[in-house]
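This is what each chain is made of:
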Amino acid sequence: DPDPHHMAPEAWRQHLQGYVDTFLMVWNLPKPVIAAVNGYALAGACELVQVCDIKIASDRAVLGEPEIRAGIGPPLLITPFSVSLAKAKELLLTGDTIDAREAERLGLVNRVVPHEQLMAEAERTARKLTMLPALGVKMTKMAVNRAMEDMGFLSAIQHNLELMTIFDTTMSPEQEQFNAVRQDKGLRAALDWRDARFKDL
């Protein structure tokens, strides 16, 4: 991924718009999309999971929105529509990650299954959907999506795009330190420096 701190805001905005367009392609697809989450689904991957229609997670899955710890924001603001306001703010403001069971408890995923049963469960769910009236499935997905859109989902995405373009392309003292460690000692050292600050919390 390109570094937003080395890009003009408009160029970075277009980059983020590419993510948004991809996510909304899944959102607008007439057929249901099933996410089978088998490991880490963080940042944009967490947003991609949420934009899918049915989310099944392995018991090894880890989800979260840790972007803020890297000095950037979420490209698609869907988390407040997936979980409670309190939990959305906690996940987005702290960058904490959660395991599959906590993701299920919060409503981030539909259910958790043993890792080795993940694909079989996703396929079983897909087979169930194919046995239902295709038009009914299509119209029901559309109806639920429209309900979310009427609650401001699409305008929230648009506002988020503008706000995150500003945040992502603005250099902070933390980002300057991260970049200095990265340049001097490499990316792994920079990530270790970033994460060490949160270890005692």
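Everything below is about the structure printed above this text.
Residues numbered from 1 in each chain as written. Predicted model: local features only at pLDDT ≥ 70, side-chain atom pairs only at ≥ 80, totals over all residues. Heavy atoms only, no water.

Q: What is the right way to look at the packing of helix H1 (residues 9–28) against helix H2 (residues 44–51) in this model?
A: Relative orientation and spacing of two packed helices are given, respectively, by the angle between their axes and the distance between those axes. One way to put it is that H1 packs onto H2 with a least axis distance of 9 Å and a crossing angle of 15 degrees. By the angle class used here, H1 and H2 are roughly parallel. Between H1 and H2 lies a crossing of right-handed hand. On the side of H1, the interface is formed by Phe23, Val26 and Trp27, while H2 contributes Gly44, Glu47, Leu48 and Val51. (Axes fitted to C-alpha atoms, helices over the stretch in contact; angles between N-to-C directions. Helix = DSSP H or I, 4+ residues; strand = E, 2+ residues; numbered from the N terminus. Parallel < 35°, antiparallel > 145°, perpendicular 65-115°, else oblique. Left-handed = near helix turned anticlockwise from the far one by under 90°. Contact = heavy atoms within 4.5 Å.)

Q: So what exactly am I meant to see when it comes to the sheet that holds strand S3 (residues 54–58) here?
A: Within a sheet, each strand pairs with its neighbour through backbone hydrogen bonds, oriented either parallel or antiparallel. Overall, parallel pairing links the three strands, which are arranged S1-S3-S6 in an open sheet. The strands lining the two open edges of the sheet, one partner per strand, are strand S1 (34–37) and strand S6 (111–113). Pairs of neighbouring strands in the sheet enclose a mean axial angle of 25 degrees, with direction left out of account. Across three bridges, the pairing between S3 and S6 is parallel. Within the sheet, the bridge partner assigned to alanine 57 lies in S6 and is valine 112. (Pairing = 2+ DSSP bridges.)

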